[in-house]
Each structure stands twice: as C-alpha cells, then as structure tokens.
Amino acid sequence: MMTKPGCVYLVGAGPGDIGLMTLKGYTYLQQAEVVLYDRLVNPLLLEYASPQAEFIYCGKMPKKHILRQEAINELLVKHGLEGKNVVRLKGGDPSVFGRVGEETAALEQAGVPYEIVPGITAGIGAAAYAGVPVTHREHSLSFAVITGHDKSPSGEPLIDWHALANGIDTIAFYMGLGNLPYISEQLISYGRSSDTPVLLIQWGTTGKQRTLQGNLATIVQKAKAAQFKNPAIILVGDVSTLKKGESWFESKPLFSQHLLLGRAGEEPSEMARHLREQGAEVFEFPRMQKKKHLLKKADIPANRDLLFLSPASVDIFFESLQANKIDIRRIQGEFYGISKKTVKAIESYHCFGKEIAERSPDASPLVILGDPEGFHRKEQRYPFVFEPDFIATHSFIRVQQTEQTFSRLQEEERIETIIFPNARSVKTVTEGFQACGETPENISTYARVICFGEKSKQAAVKAGYAVSEVLSEPTEEALQEVLLQKEAPLAAAAFS
C-alpha cells in the first residue's frame, strides 16, 4: 500500500525579527514534522516548531554550501512522499531570490503537494526598520529588487543597467556588498548621478542592525572603513535621505541587547514579552517540554485534601479523572493551590479552590500533586504544609533543538547577557550549556550574569558563574534599569 503524499510548505520567515513571520507561516511551522531551514532564518524561530520535528540545516554562504540545491530538492521530495508535513523555511520571502521555483518544479515532477507562504522581503522590512519607506510621493514612485550577485562567471549581476539606472527611483540590492564597487560604477556609468544617496542596512530588523549612509561616489570607501559585511541590503535612491539619526526601531530602550533568559518550565515568560517590546532580542533557554504522568485509578485520593503546585498539575489531575472514568463527586477532600494562578486553574473546572495560606496548620496531612523539582523547591518555602505524600503529575525535559539554537546564536555573537530569574533556572540553564559543550566559567568571560535575589546568586556562584548584578527587587523596571547601565553599543546612527 502506497503512503499518501504529505505536503511541503515553502514558508517565508521574514528578514529577521521573529514577529515579522506571518500567522500562516507560524501555524505550518508548529505542525511540521520536518523543517529544512536556511542560514538567514533567525534561529529563535525554530523554538516555535514542534519538539518532535526533525530539523535539517541547509545553510548557504557565498562559495560555500552545507547542502547543495539538488540535495535540498531531493530531501523535500523524499519527506513529502513519505507522507510528512514539511516546512522549507527561508529568510525573507521564498519567491524573492529564494530559489523557490527550482524546488516547486522538483515537487511537481514528483507529484508532491505544496504551498507557498509569502514572507516580508528584506528590501522592504530592513528599510522600514531603518526608518525609510521604499516608496514616497515626493521621492520615489518605483521600487525594484535586484540580486547583488548571480550565476555569471564573475558573480557580477548581468542586468539592463541602463534601464535600472534611469527608470527606477529606489533600488534594493540583496547580498551585494562584495560587488558594491561594481554596482556603483555601473549605475554611474549608465547615467545615475554620483550624488545619488545610498543606505546600507546590515542585519536588518534584528538587534545587530546597523546602517551606513553615503552616495554612489562615497559609499564604497565608507563601507570598507566601517567593515560592512553581508547580510546587508544596498538601498539606492532619494528615499535614503529620509533617515535622520536613529530610526523608531533603533531608538527603543533595549535595542541591540541580546539576552538569554533562564527558563525552568514550559510556559513562555511575561518578562520576555516585556523585554522584546522594549527592543531586546530574548532567547528563553532552555526550551522545556512537559511530560505527563497520568494518575492510575488506585493512586487518586478520594478522601484527602489536595494541594496542587501548578496549573499543569491541576490539568493532569482532572485529565486522570476522565481517563479513569472517576466522577468528581467521589472526591471528598478540599482543593488547595500554591498560588492564585493555581487556584484559578482549579476554578476553571468549576470546583472551589483555596490558597494554601488559608488552610489551618493543624489540619490533617495533605496529598501534594506537581512536578518533583517544584515539590522540593516549594517544600523549603512552605515547610509547615509539606508531608511525604507526594504524587508526581508531570516532569520537564529539555528539548534538544534548543541546544542547536543556542549554538547558532553563540556563533553569531548574540549571547551577551544571562538572566537567572530564580535558583531553579540556574540548574536548567547550566545543564543546557553543558549539553552544548559550554561551561559557566567560560560563558562568564563574554556574557554578564544577572540574578534575581540572593538565592539565585548563591546557586549561580556555586555553579561557577561570575555574577555581575543581583536584583533585590526582581521587577521588569528594575531589570531594564540595570540593562541600560550597560555601555551603549555603537548605535546605527554612528555609522551615518
């Protein structure tokens, strides 16, 4: 019996900022069984894929290929014919210099269904984040995207330079810094004024973004002096003059800050969301996956009060009741939560819950439900309620893909600050580092370490970190104030 073909989704990941990927792209990424991704895809996007997905790196660099295009085509066909949902994740838009035509041709020939999911292309996205619209009623009525290198023997783009120089107001060259002298010479020789403004945008829409302004006569020397390299967009045209100092993106308080926020559980943190809104690039590490331990019928207490250590423990308890076909009316004990959030989870099942502080210390022993590490941590905080009767409802395991994400960010020098919100995060982060071949001692040589509270500091120092700051008030505002004390990185405007 033949396997029913799967579907290959050719998805645009956008120019860098993970928020610029479309909702449709995110949906397919979360459902993918296989993900093939390029070098220019922000590694943080892979944290949103299924933990069970297979990841294949197709990174390409000029004159150096991890996987050649033919091999990529074969992999797409192979996994598609195996009946899998495959996401081919490409930087920017897959139809703009993404070789999507070659891949769809291979899929069509093999009879594999596919969809193309457009993305924001770098020429538009990077320009917008630099504060420049590519069209403007007073400066630009036309816009073109041009490859900065092609398959010609010299790699210099073979295009109609006369039409380009005289017929297009705004031109965006992709990955063309190596050919910048040639591009400038050709535009000038075919009629474009040497005074035409030029804006270079490196690592557009990310925390590493920087810009450089000049004109066709001066930009080559300026780029050499500033050591500009790919990935970059060369934006030629009068709209480049609209950039005045820092853009809306570059002026965010935490722009250019690359933060690793320690994670001890599965859920994303509200603090991470706040830091991103302030312009920081945040990697919540390590990514954790919840492993459920459904209770057996004999293990479900019917006549004892229950203390739940987290909303997850509440969910798994009620799921266990359903799995064992136990009527909730058979449970005679009272329900307690370790926090307001946990009590709300109890109430979501239309049951009455109380916070543990409301329970009398003289009451009969509790049965405690949660994850083992959470039990040991909270046992120190609430010793008067903790008894040996503990039932594990779940545990957390590290998702291996998160280690690849760390390694990629480390290679790109995007790990600058480590934040430990609690002592437990020190343990999980350190285990993640060790799996990547990293040590607390080494990472402290290039990243500063911030701890929330003395217990976190003690755990970090014991693990081998050199702690830079300790926040006695672990609030978003206090953290932002400490982050702003960092010596300001070279702002994009400094290269203007």
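Per an unreviewed UniProt entry, the chain goes by the name uroporphyrinogen-III C-methyltransferase and belongs to Oceanobacillus aidingensis. We quote the UniProt Sequence similarities (unreviewed entry) comment for the chain here in full: "Belongs to the precorrin methyltransferase family."

1. Topic: the overall build of the chain
Along the backbone of the chain there are 16 helices and 24 strands. Projecting the C-alpha coordinates of the chain onto the three principal axes gives extents of approximately 90 × 65 × 45 Å. In the chain, buried positions account for 52% of the 496 residues. Sequence-distant contacts in the chain: of pairs separated by 6 or more residues, those separated by 24 or more amount to 68%. Carbon and sulfur atoms form 52% of the exposed surface of the chain, whose accessible area is close to 23,500 Å².

2. A few points about helix 4 (residues 122-129)
Counting buried positions over the eight residues of helix 4 gives six, a clear majority of the element. Those residues of helix 4 lying buried are A122, G123, G125, A126, A127 and Y129. Looking at the buried positions of helix 4, the neighbouring elements they touch are strand 8 (143-147), strand 9 (170-174), strand 10 (197-202) and strand 12 (232-236). At the exit of helix 4 stands G131, carrying a positive phi of roughly 90°.

3. Details of the packing of aromatic side chains
Applying the stated criterion across every chain, the model contains 22 aromatic pairs. With 5.2 Å between their ring centres and 70° between their planes, F97 and Y174 make a pair best called edge-to-face. Within this pair, whereas F97 is found in the loop between strand 6 (85-90) and helix 3 (100-110), its partner Y174 is found in strand 9, the two being separated by 77 residues in sequence. Assessed through its relative accessible area of 43%, F97 is described here as partly exposed. Since its relative accessible area comes to 9%, Y174 is described here as buried. On the basis of an interplanar angle of 70° and a centroid distance of 5.2 Å, the ring pair of F249 and F255 is categorised as edge-to-face. Assessed through its relative accessible area of 10%, F255 is described here as buried. One aromatic cluster in this structure is built from F283, F285, F406, F420, F433 and Y465.

4. Let's talk about the nonpolar core
Ranked by internal contacts, the top residues of the largest apolar core, which has 39 residues, are V35, L89, L260, I418, F420, F433 and Y465. Membership of the second largest hydrophobic core comes to 23 residues, among which are L164, A165, F228 and I234.

5. Side note on the state of the cysteines
Under the counting rule described, the total for this entry stands at zero disulfides. No disulfide involves C451; its sulfur sits 19 Å from that of C436, the nearest cysteine. Among the residues examined, C451 registers a relative accessible area of 0% and is labelled buried.

6. As for helix 2 (residues 69-81)
Think of an α-helix as turning once every 3.6 residues; residues three or four places apart then point the same way. If you check helix 2, its first and last C-alpha atoms are 18 Å apart, about what 13 residues at 1.5 Å a residue would give, namely 18 Å. Along helix 2, the residues classified as buried are Q69, I72, N73, L75, L76, V77, H79 and G80.

Conventions used here
Residues numbered from 1 in each chain as written. Predicted model: local features only at pLDDT ≥ 70, side-chain atom pairs only at ≥ 80, totals over all residues. Heavy atoms only, no water. UniProt positions renumbered as here; feature names shortened; annotations may be inferred. Helix = DSSP H or I, 4+ residues; strand = E, 2+ residues; numbered from the N terminus. Buried < 20%, exposed > 50% of the residue type's maximum accessible area, 1.4 Å probe, protein only. Contact = heavy atoms within 4.5 Å. Areas by Shrake-Rupley, 256 points an atom, 1.4 Å probe, with all protein chains shown as cover. Phe/Tyr/Trp six-rings, centres within 6.5 Å; stacked < 30°, edge-to-face > 60°. Core = buried A, V, L, I, M, F, W, Y, C linked by side-chain atoms within 4.5 Å. Disulfide = S-S within 2.5 Å. Expected span 1.5 Å × (residues − 1).

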